[in-house]
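# Coordinate analysis (summary)
One-letter residues, chain by chain:
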There are 2 protein chains.
Amino acid sequence: MTAEIFPKVKTIDLRKKHIGPSCKVFFSHDPIKIVRAKGQYMYDENGVRYLDCINNVAHVGHSHPMVVKAGAEQMELLNTNSRFLHDNLVQYAQRLQATLPEKLSVCYFVNSGSEANDLALRLAWEYTGHKDVITLDNAYHGHVSSLINISPYKFHQLANAEQSKSVHVALSPDLYRGNYRQDHPDPATAYADDVNNLIQKAHEKGHKVAAFIAESLQSCGGQVIPPAGYFQKVAQHVHRAGGLFIADEVQVGFGRVGTHFWAFQLQGEDFVPDIVTMGKPIGNGHPMSCVVTTREVAEAFKNSGMEYFNTFGGNPVSCAIGLAVLDVIEKEDLQGNALRVGGYLTRLLEQQKEKHPLVGDIRGRGLFVGAELVRDRVKLTPATAEAQDIIYKLKEQHILLSADGPHRNVLKFKPPMCFSEEDADMVVEKIDQILTVSETTSFFLLSIIQNTCSVMSL
Amino acid sequence: MTAEIFPKVKTIDLRKKHIGPSCKVFFSHDPIKIVRAKGQYMYDENGVRYLDCINNVAHVGHSHPMVVKAGAEQMELLNTNSRFLHDNLVQYAQRLQATLPEKLSVCYFVNSGSEANDLALRLAWEYTGHKDVITLDNAYHGHVSSLINISPYKFHQLANAEQSKSVHVALSPDLYRGNYRQDHPDPATAYADDVNNLIQKAHEKGHKVAAFIAESLQSCGGQVIPPAGYFQKVAQHVHRAGGLFIADEVQVGFGRVGTHFWAFQLQGEDFVPDIVTMGKPIGNGHPMSCVVTTREVAEAFKNSGMEYFNTFGGNPVSCAIGLAVLDVIEKEDLQGNALRVGGYLTRLLEQQKEKHPLVGDIRGRGLFVGAELVRDRVKLTPATAEAQDIIYKLKEQHILLSADGPHRNVLKFKPPMCFSEEDADMVVEKIDQILTVSETTSFFLLSIIQNTCSVMSL
């Protein structure tokens, strides 16, 4: 198989012609053509190697041979739907269940995080008989229409956004930039009370709450780590209102946080969501995902009388791949690696914070780390242009990093879990160089000019 | 790789424990465990061979070596998202486009028929600024919440179904059992006028129609073949109202109808939908799907300001597999085979209609064939129990067939496209035997008793 068919300029031309213009490429001024990848490294058509600090889908490393082998062997044997019995399906469900609290015992296998979150809503609607959903500000839960409705990260992009009357947006539990910060005596309670206020307001309008949904750690929302105890308090409020707690682990699950297999477990052992959704890392790139819930919720869904069938969901190939991913995480102790290397990376970034005024906050759990850039550490003015500049300069040095959050000023680290201390050294060293050069040259001047221009053009 | 891990009884037990009870198996009294498959044949854990007459997903044949090879080789090389340039993506888009009318030139790659149809709705909503959707009675368009809303096949199953006010259900253009039949002078116009009436009623309520959506041939709805010219007339009405025409080819596309690559082309060369959705057969079982639309619709969607990103959609592995499927269809002339064998199968079934009063109607295009069973050829009383009985008896003889339609009385043939005349002979011979034995024994008596009992229990 030849890795390249067209010269790059032709690829770009065909893409413009035949791929939806809403589908953006990275580095749109000069996009990258990647033809192969291995571990935490990606290679362009000229063999140039890029260090991948952003791909939380290639969880156990790009093109991991054990995962590839499991997929290829099963494809050769059988790939069909779950209306036939197959051992891969039940074995995989059993293995996933073993990573979760006991009461989360019933699985639905689907094809993407979006399908998983949509099904989670359907489960909650059916179980509760209620309609309303509480979501966090800046949240992203997927691209199907029901999820755009509960994703402020997306619907805020719309020119003529009209928020659904059955969706309520709670404060993002952000201890750095949010309403209640590090200096607050009890931010967990304060943020949970906000959710409770929304519930009360919904009730006043005669609405009823079906679910609260949140990523266990907010990803696109800016690498936000909710204070421990927050989920427990929210769950109390939501349960009292007859609703369910949905923990979205699509971006952050499967050992990434290092200390635990699931990010919701960071909240404490006394917290168990009613529904957990999984995606991205689950198949190391293979299109698959899963919803796990309790027997009670599953039985209520069944009692609606509607069968649930998903053509590709839980097929033997997806399950073989899912099983191989679990095996590799275990065999290569990738959760342990996330803890060690993530800790190391966080410490390196903390040093950058001491050195460079632009680095306002470092927050992370395992290999899920955010570095928030600000122009002013008191006002927290987002350093959006500076973040973009760093991303582009890193790309020139063959390092892939991205910036996210509502102000696109949070450098977002979520690399394949085989990321090493040497990789961490390399990326932080480059960031250090870029910041050092910038501080002594026109960097700030430039961004101030850009800023002024954009203000003047209003 | 061992094909079987657990004894069957353990598989069933684990499935009950860990898989959502809404997910049904075929032949629930005695489900089949399939461990491998090749071409149109599937094999259980004891090596027993089943003839597969129902799997329109394993389009070019189960585990086709060219498809497996393409997938395995690409998995080894690279599997990442479409934010990087990749030749597989653009080459595949180009190849798909070449099968379609020229104006359908812009692709969005997603992971399932459900994701495709949901995106089609989003495109229509955004392009038109309207909200309402017209769907056909008995239609099925997918399992995400937005599609349950437009799938009477599903929402009729709900105990407490509440039809969305922005969804309008048009008559299924069924010439056998519908409002306008073979003897009607112009059923295409009559059924299209029904759509127009719905548009007018929506307008009277101050609503506006965003889209009409229909499978090019209704599948779950009962293997319904709309009269030629119907889509053109519907499109005129819908376009006049500012809406779009969405042709759902998820079950029926990719050469299955024999004479054409796409089933909507059966309507005539003067018909071009605004959006086409593709799924099931597209990747021979690999989770992938696609939406194709016009430049105008794609640009309007982009102008909403919202980026569209699908984590797995259009990844290099999916595209490699999609390309291989197109290659095999061409190389093995599977569209031609569908035409030949489909025609042969239809003729064999027509003979059964002459022989057995239970066979009320045979309708088909290529390897998409329905045999509707009725107890009375005048009243068209659905022979639901008899259809189930035939399905179960065929299973005992190692032939997989299913019954569908609103009354579950339509035997539904949609086998892998490598289905042969010998396969057709075999299944029809078995059906003939079952019907012959039934007519001379207690079959009808039994179903009459069942029927009487169910009436008495009302």
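Please read these numbers as outputs of a predicted model, since none were measured by experiment. (Residues numbered from 1 in each chain as written. Chains lettered and ligands numbered in written order. Predicted model: local features only at pLDDT ≥ 70, side-chain atom pairs only at ≥ 80, totals over all residues. Heavy atoms only, no water.)

### A few points about the sheet that holds strand β14 (residues 402-404) of chain A
All names here are of chain A. The strand order β11-β12-β15-β14 describes an open sheet built from 4 strands, whose pairing is antiparallel. Among the strands making up the open sheet, the edge pair consists of β11 (359-365) and β14. Along the sheet, successive strands turn relative to each other by an average axial angle of 30 degrees, direction set aside. Relative to strand β12 (residues 368-373), β11 runs antiparallel, the two being bridged by 6 bridges. Its bridge partner lying in β12, R365 is registered against F368. (Pairing = 2+ DSSP bridges. Helix = DSSP H or I, 4+ residues; strand = E, 2+ residues; numbered from the N terminus. Axes fitted to C-alpha atoms, helices over the stretch in contact; angles between N-to-C directions.)

### So, the interface of chain B and chain A
Bring the parts together and some accessible area is lost; that lost area is often taken as the interface size. If you look at the interface, chain B gives 108 residues, while chain A gives 108 residues. Between chain B and chain A the total buried area reaches about 9,600 Å² when both faces are included, carbon and sulfur atoms providing 62% of it. On the chain B side of the contact with chain A, F84, L85 and F312 of chain B bury the most area, a combined 9% of that side's loss. Run the count over chain B and chain A and you get 2 salt bridges. For D87 of chain B, the salt bridge is made with K33 of chain A, and the minimal N-O distance between the two is 3.0 Å. At the boundary of chain B and chain A, one finds 54 residue pairs in polar contact (both at pLDDT 80 or more). If you tally residues by element for the side of chain B that touches chain A, the top one is helix α2 (residues 65-77) of chain B, at 10 residues. Residues belonging to the side of chain B that touches chain A are distributed by class as follows: 51 nonpolar, 34 polar and 23 charged. (Contact = heavy atoms within 4.5 Å. Buried area = accessible area lost by both parts, 1.4 Å probe. Salt bridge = Lys/Arg side-chain N within 4 Å of Asp/Glu carboxyl O. Polar contact = N/O pair within 3.5 Å; in protein donor to acceptor, adjacent residues only side chain to side chain. Nonpolar A, V, L, I, M, F, W, Y, C, P; charged D, E, K, R; others polar.)

### Thoughts on the sheet that holds strand β5 (residues 132-136) of chain B
Sheet strands associate in pairs through backbone hydrogen bonding, adopting either a parallel or an antiparallel arrangement. All names here are of chain B. Taken in spatial order, the 7 strands of this open sheet run β4-β10-β9-β8-β7-β5-β6, and their pairing is mixed. Looking at strand neighbours, the two that pair on one side only are β4 (106-110) and β6 (167-170), the edges of this open sheet. Recorded for the sheet is a direction-independent mean angle of 20 degrees between the axes of neighbouring strands. Alignment of strand β7 (residues 209-215) against strand β8 (residues 244-248), held across 5 bridges, turns out to be parallel. Considered in β8, the bridge of A214 is made with A247.

### Concerning the pattern of salt bridges
One pass over the structure, following the stated rule, counts 36 salt bridges over all chains. As a salt-bridge pair, D389 of chain B and K393 of chain B come within 2.6 Å of each other at their nearest N and O atoms. Here K393 of chain B and D389 of chain B lie together in helix α12 (residues 384-396), a separation of 4 residues that amounts to about one turn. D389 of chain B gets classed as partly exposed once you look at its relative accessible area, which sits at 24%. Owing to a relative accessible area of 31%, K393 of chain B belongs among the partly exposed residues under this scheme. Among the ionic pairs, D404 of chain B bridges to R408 of chain B, the shortest N-O distance being 4.0 Å. Using a relative accessible area of 6% as the deciding quantity, one classes D404 of chain B as buried. Each of R177, D361, R363 and E372 of chain A takes part in a single network of salt bridges with overlapping partners. (Buried < 20%, exposed > 50% of the residue type's maximum accessible area, 1.4 Å probe, protein only.)

### Notes on the domain arrangement of chain A
Residues and elements named next belong to chain A. Its domain assignment divides chain A into domain 1 (8-63 + 333-456) and domain 2 (65-331). When each unit is reduced to the centre of its C-alpha atoms, the spacing between domain 1 and domain 2 is 26 Å. For the domain 1 and domain 2 pair, buried surface summed over both sides reaches about 3,200 Å², with 56% attributable to carbon and sulfur atoms. At the boundary of domain 1 with domain 2, the tally comes to 1 salt bridge. Taking the shortest distance from any N to any O, the salt bridge between R177 and E372 comes out at 2.6 Å. (Domains from an automatic or database assignment.)

### Focus on the confidence of the model for chain A
Averaged over chain A, the pLDDT score is 95; the fraction of residues at 70 or greater is 95%. Low confidence marks residues 453-458 of chain A, where pLDDT is under 50. Its contacts with residues over four positions away, or in another chain, come to 0 contacts. (pLDDT = per-residue confidence, 0-100.)

### Observations regarding the pairing of strand β2 (residues 41-44) of chain A
Residue and element names in this part refer to chain A. Because side chains alternate across β2, one face comprises the buried residues Y41 and Y43, and the other comprises M42 and D44, equally buried. Between strand β1 (residues 34-38) and β2, which pair antiparallel and follow one another directly, the connecting turn spans 2 residues, one of which, G39, has a positive phi of 60 degrees. Relative to strand β3 (residues 49-52), β2 runs antiparallel, the two being bridged by 3 bridges. Each residue of the ladder has a partner; that of Y43, found in β3, is R49. Counting the residues in the hairpin turn of β2 and β3 gives 4 residues, including G47, whose phi is positive at 85 degrees.

### Notes on unusual backbone geometry
All names here are of chain A. Backbone geometry places R408, a non-glycine residue, at a positive phi of 50 degrees. Tracing the chain through its elements places R408 in the loop between β14 and β15 (410-413). Residue classification places R408 among the partly exposed residues on the basis of a relative accessible area of 27%.

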